[in-house]
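# Summary of structural features
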Amino acid sequence: MAQGAKPGEGGQLPGPKISEYIASLRASKPGVTLISPPPHHDIYSIEDLSQLIFDLHQINPHAGVSVKLVSEVGIGTVAAGVAKANADVIQVSGHDGGTGASPLSSIKHAGSPWELGLAEVHRTLLDNKLRDRVLLRTDGGIKTGWDVVIAALMGAEEFGFGTIAMIAEGCIMARICHTNNCPVGVTTQKENLRKKFPGTPQNVVTFFEFVAEEVRLLLAELGFKSLDEAIGRADVLSARTDAPLAKTNAALNLDFITKLPDVSQDRSWLQHGKPHDNGPVLDDEILADADVKACIEEASKLTKEYSIANTDRSLGGRLSGSIASQWGNKGFEAAGGDLELRFKGSAGQTFGAFNLPGVSLHLEGEANDYVGKGLNGGQIVIVPHSASKMDASENVIIGNTCLYGATGGSLYVNGRAGERFAVRNSMADSVVEGTGDHCCEYMTGGNVVVLGTVGRNVGAGMTGGVAYILDEFPEGEFMEHVNLEIVKAQRVVTPEGEAIVKGMIEKHVELTGSPKAKSVLANWEENLPRFWQLVPPAEANIAATNPRVSEAAAVAAAATEAAVPVA
């Protein structure tokens with residue numbers, strides 16, 4: 001949920017560090033700055049976090065879900081909610097860790113020690129009889145075997161090492177990670193500096209062997225035969241009376257970390273069992289269908305129809321996980337697989353989660369928040385119920401935060417979307433007929449066409465991709481809705497840009513039959529000048545946005561055509 005060394009600040013991966021390789025991993029473009037905003041835009045309540053945990057359990061029911069929380073006052077209440085939301089691991093992150101890219105002021109002054117957060121979480125979970133539901137992990141400046149044993153006595157079962165492990169492999173703490181100039185080649189993409197990397201696996205192995213030996217010695221001194229026996233045994237902790245205190249003359253009362261609930265007799269809470277599951281879901285019914293099974297196994301073509309209700313959440317997530325386990329992310333479509341599932345009804349949250357290439361989802365009805373979250377490929381189409389008399393272009397048909405973190409595929413919506421449409425979209429293409437506030441926020445790739453009005457703050461933090469928005473506002477009002485801190489708003493000025501927006505609208509008509517889209521195409525010469533194109537700097541020198549590049553491409557194409565001999 002945040003980083004212990006700089007809670008609530010987010011972060012950035014500067015453009016100069018985004019090499020071809022990093023861009024391929026992040027579904028972005030080389031040189032495009034990647035912004036991690038302070039809030040998670042799909043999480044504004046414990047219920048939203050519960051939904052994310054549900055999504056992750058859906059795609060892989062055999063994997064545990066870990067939630068990282070920052071050590072702070074009140075963390076116990078949050079941890080109790082996380083445990084009830086079916087997380088399998090809670091990680092308490094303290095303030096002493098952090099990368100060299102963290103602001104020095106944050107490293108020195110922000111966050112709280114892991115000891116405070118760990119003790120509060122352990123106590124709260126025990127008091128609420130939730131401790132057996134989660135494995136407790138901690139990190140944030142753990143360096144020695146002494147730290148490991150202290151953490152274990154306070155209730156931790158696993159221990160994270162970050163900074164010290166990097167030092168063991170050669171990091172010299174120059175704290176210039178963000179500049180791409182790490183002098184020992186640890187955090188740089190520059191090959192001349194990477195050649196200076198001195199680390200070897202054996203260095204790290206040796207360090208952890210010594211940590212383990214120190215742990216053994218301390219456990220023996222305390223009379224424990226194993227680390228498991230020491231977990232939660234705060235009764236063997238006591239405050240030092242001879243420690244000098246720099247900032248207070250009074251003795252500190254450390255009862256809140258040394259007087260934890262007695263667990264010396266009852267150790268049953270250490271038995272956590274298998275990862276939590278989501279119970280019966282519609283995806284299980286779909287995967288149990290013999291035709292669907294055969295389609296996945298043989299990568300064949302199939303169309304099936306199902307009813308759906310708003311209690312059916314994360315539809316498609318488990319299906320995509322099953323396909324990926326057999327074919328990988330793109331192998332199903334590459335092998336000829338074509339699975340189309342058609343639904344009628346009101347879909348619950350996260351319809352089309354993590355959808356893969358080769359899978360098409362068609363919904364006649366409406367959908368809740370997070371449609372197309374993590375969309376990897378394939379196609380999602382949403383249209384109103386066939387009996388509906390409403391004007392789809394004037395009514396919201398999907399919820400908030402749709403296409404969140406999508407890395408491919410397409411979404412066509414015959415209706416309006418809620419707030420934060422296409423937030424953090426990386427590579428997906430979409431057509432929608434209006435949106436709420438914050439459309440295309442933190443977007444890094446893909447094309448988004450909006451055939452209607454938008455809310456405020458459009459394009460905030462948008463560092464990649466292009467948005468095409470039909471201006472239906474009174475004269476001059478559209479610009480009041482755009483955040484121009486990064487993006488430039490211009491008309492569609494090249495044939496390539498026109499081809500993209502027109503082609504996507506034609507596809508929208510083909511898939512949804514949208515009357516609004518048909519009207520736009522019917523009067524294309526009149527409507528084209530009404531489109532605004534939002535262009536971040538990373539997209540300023542492509543043919544779709546730049547007339548000079550477009551003209552140069554046309555000249556090059558003409559020259560190539562002229563050079564081809566006529567048979």
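Starting afresh in each chain, residues are numbered from 1 along the sequence in its written order. Local features in this predicted model are restricted to residues of pLDDT 70 or higher, and side-chain atom pairs are both shown and tallied only at a pLDDT of 80 or more, whereas totals for entire chains, interfaces and linings draw on every residue. Heavy atoms from the whole structure form the basis of all side-chain values; hydrogens and water molecules are not counted.

## Overview of the overall build of the protein
Helix and strand counts for the protein come out as 19 helices and 16 strands. The C-alpha radius of gyration computed for the protein amounts to 27 Å, which stays within 12% of the reference 24 Å derived for 567 residues, consistent with globular compactness. Structurally, the protein occupies a C-alpha span of about 85 × 55 × 55 Å along its principal axes. Here, two residues are considered to be in contact whenever any of their heavy atoms come within 4.5 Å of each other. Here the analysis covers contacts within the protein between residues at least 6 apart in sequence; of these, 57% occur between residues at least 24 apart. For the protein, the computed accessible surface area is about 26100 Å², with 53% contributed by carbon and sulfur atoms. Two residue types count as positive, namely Lys and Arg, and two as negative, namely Asp and Glu; His and chain ends fall outside the count. Charged side chains are reduced to one point each, which is NZ for Lys, CZ for Arg, CG for Asp and CD for Glu. Computed over 48 positive and 68 negative side-chain charges, the separation of the two mean positions in the protein equals 4 Å. Only DSSP runs of H or I with at least four residues qualify as helices, and only runs of E with at least two residues qualify as strands; both kinds are numbered from the N terminus onward. Radius of gyration here uses only the C-alpha atoms, and the compact-globule reference equals 2.2 Å multiplied by the residue count raised to the power 0.38. Here the open area of atoms and residues is found with the Shrake-Rupley method and a 1.4 Å probe, where only the protein chains shown may cover a residue.

## Comments concerning the sheet that holds strand β5 (residues 135–139)
Two strands form a pair only when DSSP identifies at least two bridges running between them. Taken together, the four strands give an open sheet; going across it, the order is β3-β4-β5-β6, and neighbouring strands pair in parallel fashion. Edge strands, defined here as strands with exactly one partner in the open sheet, are β3 (66–70) and β6 (158–159). Here strand β4 (residues 89–93) pairs with β5 via five bridges, running parallel. Paired with Ser93 across the bridge in β5 is Asp139. Lines fitted to C-alpha atoms define the axes here, with helix axes fitted over just the stretch in contact, and angles between the N-to-C directions of these axes take values from 0 to 180 degrees. Where helix α5 (residues 114–127) meets the sheet, its contacts fall on β4 and β5, and the angle it forms with β5 comes to roughly 170 degrees.

## Points about the sheet that holds strand β14 (residues 464–470)
Spatial ordering of the open sheet is given by β7-β8-β9-β10-β11-β12-β13-β14-β16-β15, a layout of ten strands whose pairing is mixed. Looking along the sheet, the strands with just one partner apiece sit at the ends: β7 (301–308) and β15 (488–491). Put simply, the sheet's adjacent strands are angled 15 degrees from each other on average, direction ignored. In the sheet, β14 pairs with strand β16 (residues 531–535) via four bridges, with the strands oriented antiparallel. Each bridged residue has a counterpart across the sheet, and for Tyr468 the counterpart in β16 is Gln533. Contacts between helix α13 (residues 290–298) and the sheet are confined to β7 and β8 (338–347), with β7 contributing the most and set at about 140 degrees to the helix.

## Side note on the domain arrangement of the protein
We note that the domain assignment places domain 1 (12–241 + 252–266) and domain 2 (306–559) within the protein. Where each domain begins and ends follows an automated or database-derived domain assignment. Relative placement of domain 1 and domain 2: their C-alpha centres are 37 Å apart. In this complex, domain 1 contributes 23 residues to the contact, which on the side of domain 2 involves 27 residues. For the pair domain 1 and domain 2, the summed buried area comes to about 2200 Å², and 54% of that belongs to carbon and sulfur atoms. Per-residue buried area on domain 1 facing domain 2 is highest for His41, Gln51 and Gln58; these three make up 27% of the total on that side. Two parts placed together each lose some accessible area under a 1.4 Å probe, and the buried area is that loss summed for both.

## Examining the side chain of Thr401
Within the secondary structure, Thr401 sits in the loop between β10 (379–383) and β11 (410–413). A relative accessible area of 5% places Thr401 in the buried class. In protein, a polar contact requires one atom able to donate a hydrogen and another able to accept it; more generally it is a pair of N or O atoms within 3.5 Å, and residues adjacent in sequence count only if both atoms are side-chain atoms. A distance of 3.5 Å separates the side chain of Thr401 from the backbone oxygen of His41, its partner in a polar contact. When residues no more than four places from it in sequence are discounted, the contact partners of Thr401 are His41, Asp42, Tyr370, Glu419, Arg420 and Val423. A simple rule labels every residue: compare its accessible area, found with a 1.4 Å probe on the protein chains alone, to the largest value its type can have, and call it buried under 20%, exposed over 50%, or partly exposed in between.

## Let's talk about the nonpolar core
Core analysis: the biggest nonpolar cluster contains 57 residues, and Leu319, Phe343, Phe351, Ile398 and Phe421 have the highest contact counts within it. Among residues more than four places away in sequence, those in contact with Leu319 are Asp283, Ile286, Leu287, Val292, Ile296, Leu339, Leu341 and Val359. Residues belong to a common nonpolar core when they are buried Ala, Val, Leu, Ile, Met, Phe, Trp, Tyr or Cys residues joined through side-chain atoms within 4.5 Å. Core analysis: the second largest hydrophobic core is formed by 50 residues, Ala83, Val149, Ala151 and Ala234 among them.

## A closer look at the packing of aromatic side chains
Within 6.5 Å between ring centres, the rings of Phe, Tyr and Trp (the latter by its six-membered ring) count as paired, and their orientation is classed by plane angle as stacked under 30 degrees, edge-to-face over 60, tilted in between. Here the structure, examined in full by the defined rule, presents nine aromatic pairs. On the basis of an interplanar angle of 80 degrees and a centroid distance of 6.4 Å, the ring pair of Phe161 and Phe207 is categorised as edge-to-face. In this pair, Phe161 sits in the loop between β6 and α7 (163–168) while Phe207 sits in helix α9 (residues 201–222), placing the two residues 46 residues apart along the sequence. For the ring pair Phe207 and Phe208, a centre distance of 5.1 Å and an interplane angle of 70 degrees mean the geometry is edge-to-face. Seen from the ring of Tyr370, Lys373 lies directly overhead, with NZ or CZ sitting 4.5 Å from the centre. Only lysine NZ and arginine CZ atoms are considered, and such an atom sits over a ring when it is within 6 Å of the ring centre and within 35 degrees of the ring normal.

## A word on the pairing of β8
Note: β7 against β8, eight bridges, orientation parallel. Paired with Thr303 across the bridge in β8 is Glu340. Sheet topology places β8 next to strand β9 (residues 359–367); nine bridges connect them, and they run parallel. When the bridges of β9 are listed, Ala347 appears paired with Ala367.

## Thoughts on helix α16 (residues 495–512)
Between the first and last residue of a helix there are one fewer steps than residues, each counted as 1.5 Å, and that sum is the expected span. Under the 1.5 Å per step criterion, the end-to-end length of α16 is 25 Å for 18 residues, consistent within 8% with the ideal 26 Å. Every buried residue belonging to α16 is among Gly497, Val501, Met504, Ile505, His508, Val509 and Thr512, and all of these are buried. Taken around the axis of α16, the buried residues stretch over an arc of 145 degrees, which confines them to a single face. Of the exposed residues in α16, those oriented more than 90 degrees away from the buried face are Pro495, Ala499 and Glu510. Immediately beyond the C-terminal end of α16, within one or two residues, lies Gly513, with a positive phi of roughly 70 degrees. What the arc describes is the spread of directions from the helix axis to the C-beta atoms.

## A look at the pattern of salt bridges
We define a salt bridge as a contact between a side-chain nitrogen of Lys or Arg and a carboxyl oxygen of Asp or Glu at a distance within 4 Å. Going through the model one piece at a time under the given rule, you end up with 16 salt bridges. Its salt-bridge partner being Asp291, residue Lys304 comes within 3.4 Å of it at the nearest N-O pair. Here Lys304 is found in strand β7, whereas its partner Asp291 is found in helix α13, with 13 residues between them in sequence. Look at Lys304 and you get buried, because its relative accessible area is 18%. Because the salt bridges share partners, they merge into one network encompassing Asp42, Asp55 and Lys373.

## Focus on the environment of Gly232
Looking at the element boundaries, Gly232 is found in the loop between α10 (227–230) and α11 (255–258). Distance from Gly232 to Pro261, taken between C-alpha atoms, is 8.5 Å for residues 29 residues apart in sequence. Apart from the residues lying within four places of it in its own chain, the contact partners of Gly232 are His122, Ala152, Leu153, Gly155, Pro261, Val263 and Trp269.

## Quick notes on unusual backbone geometry
At Cys440, a position not held by glycine, the phi torsion is positive, near 60 degrees. Within the fold, Cys440 resides in the loop between β12 (429–432) and β13 (444–450). The exposure class assigned to Cys440 is buried, which follows from its relative accessible area of 0%. Positive phi values are uncommon outside glycine, yet Tyr442 reaches one of about 55 degrees. Locating Tyr442 in the fold gives a position in the loop between β12 and β13.

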